[in-house]
Amino acid sequence: MRLSELDPLIPLIKLREELLKLPKGYSFFEEELVDFLSRRRWPESNRRIDRTTFWRWRNDNGIEHQKVFSRLDILKLCQICDHYRIDGTRSEYLAIVKNKKEVVLNK
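Residues numbered from 1 in each chain as written. Predicted model: local features only at pLDDT ≥ 70, side-chain atom pairs only at ≥ 80, totals over all residues. Heavy atoms only, no water.

Moving on: the packing of aromatic side chains. Tallied over the entire structure, the rule returns three aromatic pairs. Taken together, a centroid distance of 5.6 Å and an interplanar angle of 75 degrees make the contact between Phe54 and Phe69 edge-to-face. Placement of Phe54 in helix α3 (residues 51–60) and of Phe69 in strand β2 (residues 68–69) is noted, with a sequence separation of 15 residues between them. Take Phe69: its relative accessible area is 0%, and that puts it in the buried class. Arranged with centres 5.7 Å apart and planes meeting at 5 degrees, the rings of Trp57 and Tyr84 form a pair that is stacked. Here Trp57, found in helix α3, pairs with Tyr84, found in helix α4 (residues 71–85); they are 27 residues apart in sequence, far enough to count as distant. Since its relative accessible area comes to 2%, Trp57 is described here as buried. Note that Arg47 overlies the ring of Trp42, its terminal NZ or CZ placed 4.0 Å from the centroid. (Phe/Tyr/Trp six-rings, centres within 6.5 Å; stacked < 30°, edge-to-face > 60°. Helix = DSSP H or I, 4+ residues; strand = E, 2+ residues; numbered from the N terminus. Buried < 20%, exposed > 50% of the residue type's maximum accessible area, 1.4 Å probe, protein only. Lys NZ or Arg CZ within 6 Å of the ring centre and 35° of its normal.)

With that out of the way, let us pick up the side chain of Glu32. Among the secondary structure elements, Glu32 is positioned in helix α2 (residues 30–41). Excluding residues within four positions of it along the chain, Glu32 makes contact with Arg2, Leu3 and Ser4. (Contact = heavy atoms within 4.5 Å.)

If you want it as structure tokens, here you go:
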């Protein structure tokens, strides 16, 4: 499966279902992921996410510097992409991530 075959605005739940159909260990290359995220972030234009933004999104989600991404990485990056598409801010997103980590640690 290629990400380019999917509707860029596919809901995260449906995207997760599609990704779970793939064989364990299946991965995607950076270029394909950046193209998909760009179409998801700006569906009405041909704008492209720049490398600095992509690296920041990876760092904000604790994704190691790499050229190949897992299914979970894709879901995390789509989540941050959706947050920015609805005019969310970085500080809001980092607070959400921090709260999720605290909930997990307190269990």
